[in-house]
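In case you want the letters, here they are:
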Amino acid sequence: MMRGRSDGAQKKRLFTSVAVVAVFVVVLYLYFGSKNNGESALEYGSRSLRKLGSSYLGGDDDSDLSSKQDEKFGLEDGEDGIVPKSFPVCDDRHSELIPCLDRHLIYQMRLKLDLTLMEHYERHCPLPERRYNCLIPPPAGYKVPIKWPRSRDEVWKANIPHTHLAHEKSDQNWMVEKGEKIIFPGGGTHFHYGADKYIASIANMLNFPNNNLNNGGRVRTVFDVGCGVASFGGYLLSSDIIAMSLAPNDVHQNQIQFALERGIPAYLGVLGTKRLPYPSRSFEFAHCSRCRIDWLQRGGILLLELDRVLRPGGYFAYSSPEAYAQDEEDLRIWREMSALVERMCWKIAEKRNQTVIWVKPLNNDCYMERPAGTQPPLCRSDDDPDAVWGVNMEPCITPYSDHDHKVGGSGLAPWPARLTTPPPRLADFGYSSDMFEKDMELWQRRVEHYWNLLSPKISSDTMRNIMDMKANLGSFAAALKDKDVWVMNVVPKDGPNTLKIVYDRGLIGTTHDWCEAFSTYPRTYDLLHAWNVFSDIEKKGCSGEDLLLEIDRIVRPSGFVIFRDKQHVIDFVKKYLPALHWEAVADPTSDQDQEGDELVFIIQKKLWLSSESIRDAE
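Residues numbered from 1 in each chain as written. Predicted model: local features only at pLDDT ≥ 70, side-chain atom pairs only at ≥ 80, totals over all residues. Heavy atoms only, no water.

Structural notes on the overall build of the protein
Then, in step 1: Within the protein one finds 20 helices and 17 strands.
Then, in step 2: Relative to its 618 residues, the protein shows a buried fraction of 56%.
Then, in step 3: Sequence-distant contacts in the protein: of pairs separated by 6 or more residues, those separated by 24 or more amount to 71%.
Then, in step 4: Element-wise, carbon and sulfur atoms account for 51% of the exposed surface of the protein, whose accessible area totals about 26300 Å². (Helix = DSSP H or I, 4+ residues; strand = E, 2+ residues; numbered from the N terminus. Buried < 20%, exposed > 50% of the residue type's maximum accessible area, 1.4 Å probe, protein only. Contact = heavy atoms within 4.5 Å. Areas by Shrake-Rupley, 256 points an atom, 1.4 Å probe, with all protein chains shown as cover.)

Given below as structure tokens:
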């Protein structure tokens, strides 16, 4: 009996050993076969689109990573420098990867974060050796997004295959499943009967003409914190108001992904410990509808951060139980919150039904009249209210500049004149009105040229979400005013901090470091404009391959990228076209808009699916 059991165990071990050897041989064949075949690992259709070890979570292709980090933008690896490259494709489970907002990474790195302060929803980027080096695949059945303005009200379910919000918020009309589509009736937590009616009621509370919240063009930029699927911001667009809708990638996942799929301006972020990536005095109006934020924590630091980004005379509309409920806890919060905003010199503009609207003072008089020792204090004179990238929030009130104090406001023209009127803060950079106007003329001419180059490939509704990766004064976006698009203006964190000029012109944007991944879901922009962005990161020693992969992650399938840069950068991009499944739309050789050493190169991203996505769709 004992001998029989021993023979059985030996046979079992032998079978296991043979199986392990067989698997190892297959692995070697697949791995080296994919290397030898180069592009074959990235073929369209039913073939596999993966290399072994390419997974973002624990990929072990260290040689590829090290060579990627050493990659120069020069052309040293071939006689003509144009040597085809290849990239693996990430596992399908990474089809919604946001590298710097990846909770899996946080768990793996065992970061010690304070969950009560929302630090786990803030940016935490992978180190270079832990970055993904693969293409993000679209989900099974992905389709080219529905065009604006229809997209405000409906999107393809296959593009964002998440329906839990439709069930969780079924009584609030956030979204509804309907066949192959997800429908957005325009509801929200405090506006079940539609954002349009809710917006009109707020305007009525403030006695604005015709119940229009834009108040004759005086309200143009709005900040919607805890925005849900951004229906509030979506319905403001018809009033010539543009909102920065903000929400974290929290338990209500994919809110911002839905917003961007709908063609509504939105950004992934949280009121945590770091300043919002917007300059001081950026918004005329802020809004929170049941945004689940503890405004009283840490001496009211989050409300003070909101105060920093509001303009003189700016409004904060707050729809939440604390504003109307009569139970003991809500009444306590309301009393403490009322006392806090009073010390901050905010006044109640109106309080009705479930909403209260506060207004910020126009000048510094109230701050100067507060008794000594009043909390919260004014910020130190050496505190720069426009420094935001990685800067901790401060529990203090940001007073106005001498100019804003004297004029009793921001001195901005109403919209749309604001877009082309030199704003007062130009003087902060030593720019004259003449320089501002010449910048507008330059980019108007450039954008017209871009559209001529793109015209064989686009129609009037091809593009909706656009990103200017190096916005400077925002003149690229201003030149697009008559097109039915919106632009996320990105100002690099280590250049001139011109984002406040962008906001003063009635546009929106954010600060960013292009050596890192952007805070957005994959496939969220139709067009990216990269003006000298690669030249800038080259000077910093950052990886051009990383940035190419990041651009590919952000841009939608069938979307476009405009590169405006030096010759060696254009050549660098060209050698990656096959690997990225990009095709040239406009080559610099046919471009008549060369200025100095800058060339224009435009590509279009092809629509491709991984073999696993195709199998799932079938």
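Re the packing of aromatic side chains
Then, in step 1: Counted by the stated rule, this structure contains 30 aromatic pairs.
Then, in step 2: Taken together, the aromatic side chains of F223, Y267, Y278, F283, Y503, W514 and F518 make up a single cluster linked through ring pairs.
Then, in step 3: Just above the ring of W334 sits the side chain of K351; from NZ or CZ to the centre is 5.0 Å.
Then, in step 4: The ring of F601 has K574 lying over it, and the distance from NZ or CZ to the ring centre is 5.8 Å. (Phe/Tyr/Trp six-rings, centres within 6.5 Å; stacked < 30°, edge-to-face > 60°. Lys NZ or Arg CZ within 6 Å of the ring centre and 35° of its normal.)

A short note on unusual backbone geometry
The phi angle of most residues is negative, glycine excepted, and most peptide bonds adopt the trans form.
Then, in step 1: With an omega dihedral of 10°, the bond running from W148 to P149 counts as a cis peptide bond.
Then, in step 2: The omega angle of the peptide bond from W415 to P416 is 10°, so this bond is cis rather than trans.
Then, in step 3: Mapped onto the fold, P416 is located in the loop between α11 (402–407) and α12 (417–420).
Then, in step 4: At N215, a residue that is not glycine, the phi angle is positive and equals roughly 50°.
Then, in step 5: Examined against the element boundaries, N215 turns out to sit in the loop between α5 (195–205) and β4 (221–225).
Then, in step 6: Look at N215 and you get buried, because its relative accessible area is 16%.
Then, in step 7: Phi is positive for D240, which is not a glycine, with a value near 60°.
Then, in step 8: With respect to the secondary-structure elements, D240 resides in the loop between α6 (231–236) and β5 (242–247).
Then, in step 9: Look at D240 and you get partly exposed, because its relative accessible area is 43%.

Quick word on the pattern of salt bridges
Then, in step 1: Scanning all chains against the criterion turns up 34 salt bridges.
Then, in step 2: The partner of K360 in a salt bridge is D307, and the shortest N-O contact between them spans 3.8 Å. With a gap of 53 residues between them, K360 in the loop between β10 (355–359) and α10 (365–369) and D307 in helix α8 (residues 297–309) connect regions that are remote in the sequence. Like D307, K360 is buried.
Then, in step 3: When the shortest N-O distance is used, the salt bridge between D552 and K605 registers 3.9 Å. Here K605 lies in strand β17 (residues 599–605) and D552 lies in helix α17 (residues 544–554), a separation of 53 residues in the sequence. (Salt bridge = Lys/Arg side-chain N within 4 Å of Asp/Glu carboxyl O.)

What to know about the pairing of β5
The side chains of a regular strand alternate between both faces of the sheet.
Then, in step 1: For β5, the tally of buried residues reaches six of six residues, placing the bulk of the element in the interior.
Then, in step 2: Across the two faces of β5 the burial is the same, with I242, M244 and L246 and A243, S245 and A247 all buried.
Then, in step 3: Here β4 pairs with β5 via five bridges, running parallel. Bridging from a neighbouring strand, T221 pairs with I242 of β5.
Then, in step 4: Note on the crossover from β4 through α6 to β5: the handedness is right-handed.
Then, in step 5: Alignment of β5 against strand β6 (residues 266–268), held across three bridges, turns out to be parallel. (Pairing = 2+ DSSP bridges. Right-handed = clockwise from strand over helix to strand, strands pointing away.)

What about the state of the cysteines?
Then, in step 1: A full pass over the atoms with the stated rule returns six disulfides.
Then, in step 2: Between C100 and C125 runs a disulfide, and the two sulfur atoms are separated by 2.0 Å. With the S-S dihedral at roughly 110°, the linkage between C100 and C125 falls on the right-handed side. Note that C100 is positioned in the loop between α2 (62–70) and α3 (103–109) and C125 in the loop between α3 and β1 (154–156), a separation of 25 residues in sequence.
Then, in step 3: Look at C125 and you get partly exposed, because its relative accessible area is 24%.
Then, in step 4: The disulfide bridge from C379 ends at C396, spanning 2.1 Å between sulfur atoms. Between C379 and C396, the S-S dihedral sits near 90°, and the bridge is therefore right-handed. Within this pair, whereas C379 is found in the loop between α10 and α11, its partner C396 is found in the loop between α10 and α11, the two being separated by 17 residues in sequence. (Disulfide = S-S within 2.5 Å.)

With respect to the nonpolar core
Then, in step 1: With 126 residues, the main nonpolar core has Y278, W295, L303, F316, W451, W514 and F563 as its most contacted residues.
Then, in step 2: When sequence neighbours within four positions are dropped, the list of residues in contact with L303 reads W295, F316, M337, L340, V341, M344 and W346.
Then, in step 3: M205, L206, Y235 and A317 belong to the second largest nonpolar core, which has 21 residues in total. (Core = buried A, V, L, I, M, F, W, Y, C linked by side-chain atoms within 4.5 Å.)

Looking at the environment of N204
Then, in step 1: With respect to the element layout, N204 can be found in helix α5.
Then, in step 2: Along the sequence, N204 and E350 sit 146 residues apart, while their C-alpha atoms lie 10.0 Å from each other.
Then, in step 3: The contacts of N204, once residues within four sequence positions are left out, are N211 and R352.

Side note on α5
Then, in step 1: Among all positions of α5, only A195, Y198, I199, I202, A203 and M205 are buried. Buried residues in α5, looked at end-on, bunch into an arc of 160°, giving them a common side.
Then, in step 2: Its buried side turned inward, α5 meets α6, β7 (283–289), β8 (310–319), β9 (347–352) and β10. (Arc of directions from axis to C-beta.)

So, the sheet that holds strand β16 (residues 582–586)
Two orientations exist for strands paired in a sheet by backbone hydrogen bonds: parallel and antiparallel.
Then, in step 1: The sheet built from seven strands is open, its strands ordered β13-β12-β11-β14-β15-β17-β16 with mixed pairing. Taken across any chain shown, the strands that pair with only one partner, and hence form the sheet edges, are β13 (508–512) and β16. Neighbour to neighbour, the strand axes of the sheet diverge by 20° on average, direction disregarded.
Then, in step 2: Direction of pairing for strand β14 (residues 525–531) relative to strand β15 (residues 555–565): parallel, over a ladder of six bridges. Bridging across to β15, H529 finds its partner in I562.
Then, in step 3: The sheet strands contacting helix α13 (residues 433–454) are β11 (465–468), β14, β15, β16 and β17, and the helix crosses β15 at an angle near 130°. (Axes fitted to C-alpha atoms, helices over the stretch in contact; angles between N-to-C directions.)

A look at the side chain of T398
Then, in step 1: Mapped onto the elements of the fold, T398 is located in the loop between α10 and α11.
Then, in step 2: Judged by relative accessible area, which is 9%, T398 ranks as buried.

Quick word on the sheet that holds β4
Then, in step 1: A sheet is described by the order of its strands in space; here seven strands give the open sequence β6-β5-β4-β7-β8-β10-β9, paired in mixed fashion. Looking at the sheet topology across the chains shown, the edges are occupied by β6 and β9. When the angles between neighbouring strand axes are averaged without regard to direction, this sheet yields 20°.

What to know about α8
Then, in step 1: Between the first and last C-alpha of α8 there are 19 Å, a value that for 13 residues agrees with the 18 Å anticipated at 1.5 Å per step.
Then, in step 2: Along its length, α8 shows its largest kink, about 25°, at L303.
Then, in step 3: Taken across its 13 residues, α8 has eleven buried, putting it largely inside the fold.
Then, in step 4: Three or more residues of α8 are buried, namely Q297, G300, I301, L302, L303, L304, E305, L306, D307, R308 and V309.
Then, in step 5: Check the buried side of α8 and you find it contacts β4, β7, β8, α9 (328–343) and α10. (Expected span 1.5 Å × (residues − 1). Bend = angle between axes of the 7 residues up to and from the residue.)

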